[in-house]
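The primary structure of each chain is shown beneath.
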Amino acid sequence: LIVHTSKLGEFIFCRIDNQIKPLAPKLIYPKDNDILNKNNKIEFCWYPKGYFTSSKIIIAEDKEFSKIVKVDSNLKSTKYIADNLESNITYFWKVSVMNDFEYSEWSDVFEFILGEEYINITYPNGGENFIADSIRKFINWKKNINDPVKIELLRNNGTIYTIIDSLVSYTGAYAWIIPSDIPEGSNYKIKITCLKNHTLFSVSQGEFTISKPTIGVKDNSDQNIFFISPNPASDYIEILLTPFEKGVKTEISEIKIFNYMGESIVNLVSVFYEGEGAKIDVSQLPAGVYFVRMGNNTDKFVVAK
């Protein structure tokens with residue numbers, strides 16, 4: 001501890017000696033219902049809320065924790081590595097933290113299973129309509145590998161364009177701008193291939209459409225179906241639907257907010273009509289750039305502290 005001061009005197013540092021029960025921790029990973037790579041070390045991580053001195057983790061084969069396979073009651077860190085777990089068994093885990101006085105309540109219970117390596121594209125996955133403008137479009141996938149991958153654009157199931165030839169993504173996301181020379185069509189798919197194992201790949205289940213911007217409009221950013229206010233924001237944002245095209249009724253069933261790494265951090269599932277929208281609290285988000293996706297339209301906003 002280093003203190004810079006221009007005053008002389010005696011300084012005492014202490015903590016409040018109240019017997020306060022710690023809050024239950026938040027589980028970080030493995031995420032709930034994860035399919036983990038059986039070939040990797042299984043690492044657990046959680047986030048304590050407030051002061052704590054140690055953690056207790058329990059891993060079991062049943063949600064009631066009557067079939068316990070791992071337990072550690074005196075962890076000084078917020079991470080734990082488990083070995084000798086078997087494949088194709090559903091495991092459940094939870095954590096409690098201790099301060100100087102007592103244990104917290106248990107965290108939520110998450111479950112996971114150990115399985116084979118996999119890649120599974122989740123977006124686009126059929127039926128989407130992308131405008132070939134200057135706005136980045138997200139490609140999202142689930143996976144249990146961190147090996148480099150190649151992302152390709154397919155048309156009629158043949159590769160016509162390599163989006164990126166080598167990418168390591170820990171979040172399973174990539175944002176790309178559709179080149180202007182990609183022809184219009186409704187028969188496109190995305191293919192993601194592991195570069196260390198070319199037999200491990202995923203292709204969009206359904207076809208999506210690529211369209212050109214409306215004639216006379218510079219790009220889709222000038223005709224977005226929503227606007228964000230205030231921007232930059234510190235406490236909240238309002239997302240309001242506007243007419244996408246004069247005389248056309250706007251209807252959106254989902255709003256998603258992504259961070260710059262492509263991770264979905266807000267997902268509102270409802271039906272929003274023209275003139276409606278949502279007010280979203282962003283006061284807990286770190287300062288930075290975020291993206292809002294409604295339907296096939298994406299825009300960005302800034303959180304400033």
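Now for a look at the structure at hand. (Residues numbered from 1 in each chain as written. Predicted model: local features only at pLDDT ≥ 70, side-chain atom pairs only at ≥ 80, totals over all residues. Heavy atoms only, no water.)

**Side note on the sheet that holds strand E9 (residues 119–123)**
Phase 1 of the analysis: One open sheet holds the 3 strands; their spatial order is E9-E11-E14, and the pairing between them is antiparallel. Looking at strand neighbours, the two that pair on one side only are E9 and strand E14 (173–176), the edges of this open sheet. The sheet shows a mean angle of 25° between the axes of neighbouring strands, direction not considered.
Phase 2 of the analysis: The pairing of E9 with strand E11 (residues 137–143) spans 4 bridges and is antiparallel. Counted as the bridge partner of Ile119 is Lys143 from E11. (Pairing = 2+ DSSP bridges. Helix = DSSP H or I, 4+ residues; strand = E, 2+ residues; numbered from the N terminus. Axes fitted to C-alpha atoms, helices over the stretch in contact; angles between N-to-C directions.)

**A look at unusual backbone geometry**
Phase 1 of the analysis: Backbone torsion omega between Ser229 and Pro230 reads -10°, so that peptide bond is classified as cis.
Phase 2 of the analysis: At Asn156, a residue that is not glycine, the phi angle is positive and equals roughly 55°.
Phase 3 of the analysis: Secondary-structure assignment places Asn156 in the loop between strand E12 (149–155) and strand E13 (158–167).

**A few points about the environment of Glu111**
Phase 1 of the analysis: Residue placement: Glu111 occurs in strand E8 (residues 110–115).
Phase 2 of the analysis: Glu111 gets classed as partly exposed once you look at its relative accessible area, which sits at 25%.
Phase 3 of the analysis: For the pair Glu111 and Tyr91, spaced 20 residues apart in the sequence, the C-alpha separation amounts to 5.5 Å.
Phase 4 of the analysis: If we skip the residues at most four places from it in the chain, Glu111 touches Lys31, Asp32, Asn33, Asp34, Thr90, Tyr91 and Phe92. (Buried < 20%, exposed > 50% of the residue type's maximum accessible area, 1.4 Å probe, protein only. Contact = heavy atoms within 4.5 Å.)

**Describing the sheet that holds strand E1 (residues 23–29)**
Phase 1 of the analysis: With antiparallel pairing, the 3 strands of this open sheet are ordered in space as E1-E3-E6. Both edges of this open sheet fall to E1 and strand E6 (79–82), since each of them pairs with a single strand only. Strand-to-strand twist across the sheet, computed as the mean angle between neighbouring axes with direction ignored, equals 30°.

**Considering the environment of Asp108**
Phase 1 of the analysis: The topology assignment puts Asp108 in the loop between strand E7 (90–98) and E8.
Phase 2 of the analysis: Note on Asp108: relative accessible area 58%, which makes it exposed.
Phase 3 of the analysis: In this structure, the C-alpha to C-alpha distance between Asp108 and Ser96, residues 12 residues apart in sequence, is 9.8 Å.
Phase 4 of the analysis: Once you skip the residues sitting within four places of it in the chain, Asp108 turns out to touch Leu27, Trp93 and Lys94.

**Brief notes about the pattern of salt bridges**
Phase 1 of the analysis: By the definition in use, this model includes 6 salt bridges.
Phase 2 of the analysis: For Asp83, the salt bridge is made with Lys70, and the minimal N-O distance between the two is 3.3 Å. Within this pair, whereas Asp83 is found in the loop between E6 and E7, its partner Lys70 is found in strand E5 (residues 68–75), the two being separated by 13 residues in sequence.
Phase 3 of the analysis: Asp83 sits in the partly exposed class, given a relative accessible area of 46%.
Phase 4 of the analysis: Classification of Lys70 by relative accessible area gives buried; the value is 18%.
Phase 5 of the analysis: A salt bridge links Glu152 to Lys150; the nearest nitrogen and oxygen atoms lie 3.9 Å apart. (Salt bridge = Lys/Arg side-chain N within 4 Å of Asp/Glu carboxyl O.)

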